[in-house]
Amino acid sequence: MYAKIARIAPLALVTAGLIMAGPAALAAPQHDITAVSVQEHRAKGKKGPYPSKSSCEAAGKKGHYKSYVCKQEAPHEWWLHYTTK
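Position labels on residues start from 1 in each chain and follow its written sequence. In keeping with the predicted nature of the model, local features appear solely for residues at pLDDT of at least 70, side-chain atom pairs appear and are counted solely at 80 or more, and the whole-chain, interface and lining totals rest on all residues. Neither water nor hydrogens contribute to the side-chain values; these are computed over all heavy atoms in the structure.

**Focus on the nonpolar core**
Rules: Only buried residues count toward a nonpolar core, which is a set of Ala, Val, Leu, Ile, Met, Phe, Trp, Tyr and Cys residues joined through side-chain atoms within 4.5 Å. Whether a residue is buried, partly exposed or exposed follows from its accessible area with a 1.4 Å probe, protein chains only, as a fraction of its type maximum: under 20%, in between, or over 50%, in that order. The numbering of helices and of strands both runs from the N terminus, where a helix is a DSSP run of H or I of at least 4 residues and a strand a run of E of at least 2. Between two residues, a contact is recorded if the distance between any of their heavy atoms is within 4.5 Å.
Counting residues in each nonpolar core, the largest one holds 8 residues, listed as Tyr50, Cys56, Ala59, Tyr65, Cys70, Trp78, Leu80 and Tyr82. At the level of secondary structure, the elements contributing two or more residues to this core comprise α3 (53-62) and β3 (77-83). The element that contributes the greatest number of residues to this core is β3, accounting for 3 residues. Dropping the residues within four chain positions of it, Trp78 is found in contact with Gly48, Pro49, Tyr50, Pro51, Ser52, Lys53, Cys56, Cys70, Lys71 and Gln72.

What follows is the structure, given as structure tokens:
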């Protein structure tokens, strides 16, 4: 008898939890209008490091970004900051 109760108990707990939570637990999540879209989130980025400013600028031209700028952040490290929008 205890073996039968042990098999049924987990199912009973899950069912009771769904009944107590109500239909809100089963409803699809609502999207927030103010949430940042994936495209906006990926609009800016940073690539590198590059060994020289010329190689950084070449990568910027090759990437077809809307805008880009190369910034030196260490003695021999250039980073490409870009915008895709």
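Picking up after the structure, the text goes on.
**Section: α3**
Convention followed: Here the arc refers to the directions that run from the helix axis out to each C-beta atom.
Burial in α3 covers these residues: Cys56, Ala59 and Gly60. Buried positions in α3, seen along its axis, are confined to an arc of 100° and lie on one side of it. In α3, the exposed positions angled more than 90 degrees off the buried face are occupied by Ser54, Lys61 and Lys62. Contact partners of the buried residues in α3: β1 (44-50), β2 (67-74) and β3. In the segment just after α3, His64 is the residue with positive phi, at about 55°.

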